[in-house]
Amino acid sequence: MKNYEFGLDTFGDVAFDDQTNERYSYAQSLRTIIEEGVLADQLGIDVLALGEHHREEFSISSPEVVLGALATKTKRIKLGTGVTVLSSDDPVRVYERFATLDALSNGRAQVMLGRGSFTESFPLFGYDLRDYDELFEEKIAMYSEIIKGDPVTWEGKFTQSLKGTTIYPKMENNRKLDTYVGVGGSPESILRAVRYGFPVMLAIIGGEAVRFAPYVNLYQRAAKQMNRPVLPVGMHSHGVIAETNEKAYQIAWDYLKTYMDRLGMDRGWARMTKERFEFEIAEGSYYVGDPETVAQKIARTMPKLGVERFDLVYGAGGQRQADRLKTIELYGGAVIPRVKELLAEGE
């Protein structure tokens, strides 16, 4: 059986109180994410990835701080991001923060680099959106030099100049920092990840997942042609898991649909209809239902795409805290073991 991995992703959507249905404070939200991460670790989930956002509905703007807290309370789960917006950050500081996290967690840090599907961080940190593509290209090139662990000599247009500079802290045992690139669906992003030797995570948030299969094929072909390692490709998608299909559907309609409609207002999408919502659950990119329903869909999707990692994005739109914890509990305790059974049967 392939070395499949299963993770959880959250953007830190601010949850709602189980009793009052009042929205949590940002402080409460951050503390509950620690609770959720501890539960994921206890259930044996492979990875927890926290998103970086600078918007009113999300509580996580500094994921590595939350991950540092989790490093002291968890034992085996990988602690990563989904994503770190490298374009509006400093590659030196990104390395320093995650090398520190790696030391605190005994080698469990993982950073996922992205260009930023949300763009609030650009004006917030003084960057011009007209430089969107150039910023990422230059900074990922600089980052790829830094993680080699050697003294860095560098000069760029948007980045600082370095002359034989050693960046600290050093990684233990001369390891490289575990790094993915988050991809929304452009061939250029796939080819860039191959060029720098990074595995990719596909963000599949709408439509049939199989339409992303050409990107997996492109990654594999390009890696061979460029004489680069053929590394794993993963995917993440939204989901809600409950004891029954009906309950999961209602939670997703109340919160996930609301989240997508709000996102659509920013991006020019039409509001989601009932028909579209039901399509996303049946054939599209939403993993909503009881454990068997969700497990069957994941087990169908992964081989079709050729991916080796699946991350469930939980808590979209906030949701009640009890429902978020139930999704995690059922995902780790029932869905993942069942998916592994189904995948093994298909090999």
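These notes cover the structure that comes with them.

What counts as what
- Residues numbered from 1 in each chain as written.
- Predicted model: local features only at pLDDT ≥ 70, side-chain atom pairs only at ≥ 80, totals over all residues.
- Heavy atoms only, no water.
- Helix = DSSP H or I, 4+ residues; strand = E, 2+ residues; numbered from the N terminus.
- Rg over C-alpha atoms; globule rule 2.2 N^0.38 Å.
- Buried < 20%, exposed > 50% of the residue type's maximum accessible area, 1.4 Å probe, protein only.
- Contact = heavy atoms within 4.5 Å.
- Areas by Shrake-Rupley, 256 points an atom, 1.4 Å probe, with all protein chains shown as cover.
- Salt bridge = Lys/Arg side-chain N within 4 Å of Asp/Glu carboxyl O.
- Core = buried A, V, L, I, M, F, W, Y, C linked by side-chain atoms within 4.5 Å.
- Phe/Tyr/Trp six-rings, centres within 6.5 Å; stacked < 30°, edge-to-face > 60°.
- Lys NZ or Arg CZ within 6 Å of the ring centre and 35° of its normal.

This part takes up the overall build of the protein. Regarding its fold elements, the protein presents eleven helices and twelve strands. Its C-alpha radius of gyration of 20 Å places the protein within 12% of the 20 Å reference for a compact globule of 347 residues. Viewed in the frame of its principal axes, the protein has a C-alpha envelope of about 60 × 45 × 40 Å. In the protein, buried positions account for 55% of the 347 residues. Counting contacts in the protein only where the partners sit at least 6 residues apart, residues at least 24 apart contribute 73% of the total. With the model as given, the accessible surface of the protein reaches about 15,100 Å², and the carbon-plus-sulfur share is 50%.

Enumeration over the complete set of coordinates arrives at 29 salt bridges. The partner of Arg-276 in a salt bridge is Glu-280, and the shortest N-O contact between them spans 2.8 Å. Here Arg-276 and its partner Glu-280 are both found in helix H9 (residues 274-282), four residues apart, which amounts to about one turn of the helix. Where salt bridges share partners, they join Arg-23, Arg-55, Glu-56, Glu-57, Glu-120, Arg-262 and Asp-266 into one cluster.

What follows covers the nonpolar core. Residues Phe-6, Leu-202, Ile-298 and Tyr-331 are the most contacted members of the largest nonpolar core, which totals 80 residues. If you tally residues by element for this core, the top one is helix H11 (residues 321-346), at eight residues. For Phe-6, the contacting residues outside a window of four places in its chain are Ile-45, Asp-46, Val-47, Ile-298, Met-302, Phe-310, Asp-311, Tyr-331, Ile-336, Val-339, Lys-340 and Leu-343. Of all hydrophobic cores here, the second largest spans 21 residues; its members include Ala-242, Ile-251, Tyr-286 and Val-288.

What follows deals with the environment of Leu-342. With respect to the helices and strands, the residue Leu-342 is situated in helix H11. On the basis of relative accessibility, which here comes to 15%, the residue Leu-342 falls in the buried class. Between the alpha carbons of Leu-342 and Gly-184 there is a distance of 28 Å; along the sequence they are 158 residues apart.

Right, let's talk about the environment of Leu-202 for a bit. Mapped onto the elements, Leu-202 comes out in strand S9 (residues 200-203). Given the relative accessible area of 1%, Leu-202 is considered buried. It is 8.0 Å that separates the C-alpha atoms of Leu-202 and Phe-212, two residues lying ten residues apart in sequence. Setting aside anything within four residues of it in sequence, one finds Leu-202 in contact with Val-183, Ile-190, Phe-212, Tyr-215, Val-216, Val-233, Gly-234, Met-235 and His-236.

Take the side chain of Thr-10 next. Residue position: Thr-10 is located in strand S1 (residues 5-10). For Thr-10, a relative accessible area of 0% puts it in the buried group. Discounting residues that sit within four places of it in the chain, Thr-10 has contacts with Ala-49, Leu-50, Gly-51, Ile-60, Tyr-314 and Arg-324.

Turning to the packing of aromatic side chains, a few remarks are in order. Counted by the stated rule, this structure contains eleven aromatic pairs. Measuring from ring centre to ring centre gives 5.6 Å for Phe-212 and Tyr-215, while their planes differ by 45 degrees; the resulting arrangement is tilted. Each member of the pair, Phe-212 as well as Tyr-215, carries the same accessibility label: buried. An aromatic cluster is built from Phe-11, Phe-58, Phe-118 and Tyr-259, whose rings are joined through pairwise contacts. We note Lys-257 situated over the ring of Trp-253; from NZ or CZ to the ring centre the distance is 5.0 Å. The positively charged end of Lys-274 is found above the aromatic ring belonging to Trp-253, 4.1 Å away from the centroid.

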